[in-house]
Amino acid sequence: MRFYHLDALKRRYGEEPIQAIYTVINGFITLGLLGLVAHLAHEPYLFPSLGPTALILFATPKAAVASPRNVILGHLIGVLAGYLALQVTGLALAPPTFVAGVTGARIVAAALALAATGGLTVLFRTQHPPAGATTLIIALGIMTKPHTLVVLMTAVLIMVIQAIVINRLAGIPYPLWRHQTPEGR
C-alpha cells in the first residue's frame, strides 16, 4: 500500500506531475461530492470560495493555511464579519449587488467585512485566504440568510473531513486540527 502513498509516487514519477494529478482528482471529488449534496438537499453547498479552499487543501496540504483549524476558523470569521457588516450597514434584507447594483452602503459593507476578516484571521493566527472570498459572498448579498450561512459552514466542514481522510490515505501527515509550527504554537 505504501506504493500508492504520494511521496512514493513523487519519487517514482516526479513531484509536479503527481501533485498536479492529486490536486485535479481530489478537487474534482470534493466539489463533485458537495455538488451532489447541494443537488439532493436543494441548498447552496457550492459557492465560489470553496474552489480556492480545495486547491489549498490538496495542492499545499502541508501549509498552515490548509490546516483544519485555519480553514474552519478562517471561513467562520469570514461568515461572521460579512454578516456583521450587513447588519451595520442595514443591508441584511437588501437584494444582492448583482440585482441592486453597487451602492455606497454595499461598498462600506464589503470593505468592512474584508478588513475585519483579514485583521481577525491574522490576530487569531487562522489565515486562510479563501475566507476573504467567503466574507465578500455575504457582504455583497449573495448568501445572507442565517440558514444559508449554516449550510456554508457545513460545506466547509465536509471539505475538511474529506481533506483529513484523503490526505491521510495518501500518506500526508495532515493534522486533525492544526499544523505544528517550529515555535510549537
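Residues numbered from 1 in each chain as written. Predicted model: local features only at pLDDT ≥ 70, side-chain atom pairs only at ≥ 80, totals over all residues. Heavy atoms only, no water.

Is there a simple way to think about the side chain of T53 in this case?
Note that T53 resides in helix α3 (residues 50-59). Sequence-distant contacts of T53, that is, excluding residues within four places in its chain, are made with V71, H75, H128, P130 and M159. (Helix = DSSP H or I, 4+ residues; strand = E, 2+ residues; numbered from the N terminus. Contact = heavy atoms within 4.5 Å.)

When you look at the environment of V99 in this model, what are you seeing that I'm missing?
Along the chain, V99 turns up in helix α5 (residues 97-100). The class of V99 is exposed, set by a relative accessible area of 58%. Sequence spacing of V99 and I142 is 43 residues, and the spatial spacing of their C-alpha atoms is 9.9 Å. (Buried < 20%, exposed > 50% of the residue type's maximum accessible area, 1.4 Å probe, protein only.)

Is there a simple way to explain a nonpolar patch on the surface in this structure?
A contiguous nonpolar surface patch, about 520 Å² in accessible area, is contributed by I21, V24, I25, F28 and I29. Position of F28 among the secondary structure elements: in helix α2 (residues 15-41). (Patch = residues over 30% accessible without salt bridge, like charges linked within 9 Å, V, L, I, M, F, W, Y side chains within 5 Å. Areas by Shrake-Rupley, 256 points an atom, 1.4 Å probe, with all protein chains shown as cover. Salt bridge = Lys/Arg side-chain N within 4 Å of Asp/Glu carboxyl O.)

Could you clarify how one ought to interpret the packing of helix α4 (residues 68-89) against helix α6 (residues 104-123) in this entry?
Packed helix pairs are characterised by how far apart their axes lie and by the angle those axes make with each other. It is at 8 Å that the axes of α4 and α6 come closest, and there the two elements cross at 150 degrees. As α4 packs across α6, the resulting crossing turns out to be right-handed. Here α4 contributes G74, I77, G78, A81, G82, A85, L86, V88 and T89 to the contact with α6, which in turn contributes A105, R106, V108, A109, L112, A113, A116, T117, L120 and T121. (Axes fitted to C-alpha atoms, helices over the stretch in contact; angles between N-to-C directions. Left-handed = near helix turned anticlockwise from the far one by under 90°.)

Honestly, that's just the spatial picture; any functional story needs more than this.
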